[in-house]
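Listed below are the residues making up each chain.
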Amino acid sequence: MQRRQFLKNTALTAGALSVLGSRSFASLIKDPTYNFKPLRNNMGIFTERGGTIAWLSNKDGIVVVDAEFPDTAPHVIAELQKQSDKPFNWLINTHHHGDHTGGNIAFKGLVKNVAAHENSLINQTNVAKKANTEDKQLYPDTTFSKEWKMKAGDERIHAYYWGPGHTNGDAMIHFENANIVHTGDLVFNRRYPVIDPSAGASVRNWAVTLEQAQKQFDKNTLFVFGHAFDPEKVTGNMDDIKAMQNYMEKLVVFVQAGIKDGKTKDEILTATSIPGVTDWQGTGIKTSLNVTYDELMKG
């Protein structure tokens, strides 16, 4: 029996290969390229391409934080639908960038409400109008200025805004019972960050937002980061928040010192590291230096 089944499977495989070609067939059987990972208290993360997604799936329904891209968002939707027949109640955006909101459109007609900081909605709208991609957007229908609270079954969700950082619309989203916080792109864990002055970013206030996070949350809080140099380290603890704050503070100190010493922008941009920071990696240090120089020169 086993031999007959083996021969049958072999024949099917050979037939499939002849029709599809080896590369196409391999694409049918390969493991998915994304990671759908439970954390605790009915929560988990999803990573494929772009900003990290956090999810909550409980008896009341499903809440998703951030949405990656239009072609990746359907994967997290499918995974969540495998484990629950409950409705998608909320999609929350940490900020407006396309690797966090591009996938919103995949939730159209599926999710009941979309929430974000009021500046995130403004930024998303402006970018879409400029790129003529408004038909590809699902905009927030619920916005807030400083704080926003809601209940999702037995979970309480609290969003915080402490001023500009990565953009002028970055919020941290706290799932209080699980004690999990999605930081969005206010934390690039050990990776040189993207800074968006066109959307009101502030290098100097970024460190202030991270200081506020340390006051608001505790040593048991599990953080979900927007990005990390090591893809396995998109979650972490308070030490990682402190490390990101240290990076932002040391960045400002370094560029300030260069300006005080009379260095030109080009001279400052030749730096390959920030003094006092040993564990940040990637290719984006020039972005940090460039934006910081421009911000400090404006006074």
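As shown above, the structure is provided for reference.
This write-up is about the structure you can find in this document. (Residues numbered from 1 in each chain as written. Predicted model: local features only at pLDDT ≥ 70, side-chain atom pairs only at ≥ 80, totals over all residues. Heavy atoms only, no water.)

**Details of the overall build of the protein chain**
A count of helical and extended segments in the protein chain gives nine helices and 13 strands. Within the protein chain, buried positions represent 50% of all 299 residues. Intrachain contacts of the protein chain at a sequence separation of at least 6 include 62% that bridge at least 24 residues. (Helix = DSSP H or I, 4+ residues; strand = E, 2+ residues; numbered from the N terminus. Buried < 20%, exposed > 50% of the residue type's maximum accessible area, 1.4 Å probe, protein only. Contact = heavy atoms within 4.5 Å.)

**Thoughts on the environment of Ala67**
Examined against the element boundaries, Ala67 turns out to sit in the loop between β4 (61-65) and α3 (73-83). The sequence separation of Ala67 and Ala106 amounts to 39 residues, and the corresponding C-alpha distance is 8.5 Å. Here Ala67 is in contact with Ile53, Thr72, Ala73, Leu91, His100, Gly103, Asn104 and Phe107, once residues within four sequence places are set aside.

**Considering the sheet that holds strand β13 (residues 235-236)**
Across the sheet, six strands lie side by side as β8-β9-β10-β11-β12-β13; this open sheet has mixed pairing. What marks the edges here is a single partner per strand, and that holds for β8 (147-152) and β13. Where strand β11 (residues 180-189) and strand β12 (residues 222-228) come together, six bridges link them in parallel fashion. Note on β12: the bridge partner recorded for Gly184 is Phe225. Set on the sheet, helix α7 (residues 238-260) makes contact with β11, β12 and β13; between it and β11 the angle comes to about 35 degrees. (Pairing = 2+ DSSP bridges. Axes fitted to C-alpha atoms, helices over the stretch in contact; angles between N-to-C directions.)

**Description of the sheet that holds strand β6 (residues 111-117)**
Within the open sheet, the seven strands sit side by side as β1-β2-β3-β4-β5-β6-β7. Their pairing is mixed. Of all strands in the sheet, those bounded by a partner on one side alone are β1 (35-38) and β7 (142-144). In this sheet, adjacent strand axes meet at a mean angle of 20 degrees when their direction is disregarded. With three bridges joining them, β6 and β7 adopt parallel strand pairing. Bridge pairing in β7 places His117 opposite Phe144.

**Examining the nonpolar core**
Core analysis: the biggest nonpolar cluster contains 38 residues, and Phe217, Met248 and Leu289 have the highest contact counts within it. Taken together, the elements giving at least two residues each to this core come down to β11, α6 (203-216), β12, α7 and α9 (285-297). Beyond its immediate sequence surroundings of up to four residues, Phe217 is in contact with Tyr160, Trp162, Met172, His174, Val181, Phe223 and Met238. Judged by nonpolar contacts, the second largest core, of 25 residues, contains Ala115, Ile157, Ala178 and Val234. (Core = buried A, V, L, I, M, F, W, Y, C linked by side-chain atoms within 4.5 Å.)

**Digging into unusual backbone geometry**
For Asn41, which is not a glycine, the phi torsion comes out positive at approximately 50 degrees. The topology assignment puts Asn41 in the loop between β1 and β2 (43-47). Asn41 sits in the partly exposed class, given a relative accessible area of 45%. Of note, Asn179 is a non-glycine position whose phi angle comes to about 55 degrees, a positive value. Structurally, Asn179 is set in the loop between β10 (172-175) and β11.

**A short note on the side chain of Gln124**
With respect to the helices and strands, the residue Gln124 is situated in helix α5 (residues 118-131). Residue classification places Gln124 among the buried residues on the basis of a relative accessible area of 2%. Here the side chain of Gln124 touches Gln137 through a polar contact of 3.0 Å, side chain to side chain. With residues up to four places along the chain from it excluded, the contact list for Gln124 reads Asn93, His96, Thr101, Asn104, Gln137, Leu138, Tyr139 and Pro140. (Polar contact = N/O pair within 3.5 Å; in protein donor to acceptor, adjacent residues only side chain to side chain.)

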